Amino acid sequence: QAIVDGRAVGLCHLVLGANAFEAGDVTQSTYHLERAFEALPNADIVANNLAWTLIQIDPPEARRALGLIEPVVARNP
């Protein structure tokens, strides 16, 4: 409901994405983490989780995952 109401959209998608990943639904996880990243592009946890998910899909999107995580590592050496 919070997403529909426009409240904490990024955070809600992050939680839904993490939950879907834990449940084994990588497709749903990727969808929600993509939405979380759109809402919170500078949130390291979102970029990290999305990057991790991108290397778990078939075929893996390793280059894109690396592109997401490199700025996180640069901000947090």
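Residues numbered from 1 in each chain as written. Predicted model: local features only at pLDDT ≥ 70, side-chain atom pairs only at ≥ 80, totals over all residues. Heavy atoms only, no water.

Describing the side chain of His32
- The topology assignment puts His32 in helix H3 (residues 26–39).
- Each residue touching His32, except ones within four places of it in the same chain, is listed here: His13, Leu16 and Gly17. (Helix = DSSP H or I, 4+ residues; strand = E, 2+ residues; numbered from the N terminus. Contact = heavy atoms within 4.5 Å.)

Quick notes on the nonpolar core
- Leu14, Leu33, Ala36, Val46, Leu50, Ala51, Leu54, Ile57, Ala65 and Leu68 form the largest nonpolar core, which has 10 residues in total.
- Only H3, helix H4 (44–54) and helix H5 (62–75) provide two or more residues apiece to this core.
- Considering every element that reaches this core, the biggest residue donor is H4, with 4 residues.
- In this view, Leu54 contacts Thr30, Glu34, Pro60, Glu61, Arg64, Ala65 and Leu68; residues no more than four positions away in its chain are not counted. (Core = buried A, V, L, I, M, F, W, Y, C linked by side-chain atoms within 4.5 Å. Buried < 20%, exposed > 50% of the residue type's maximum accessible area, 1.4 Å probe, protein only.)

By themselves, these observations are geometric and do not establish any function.
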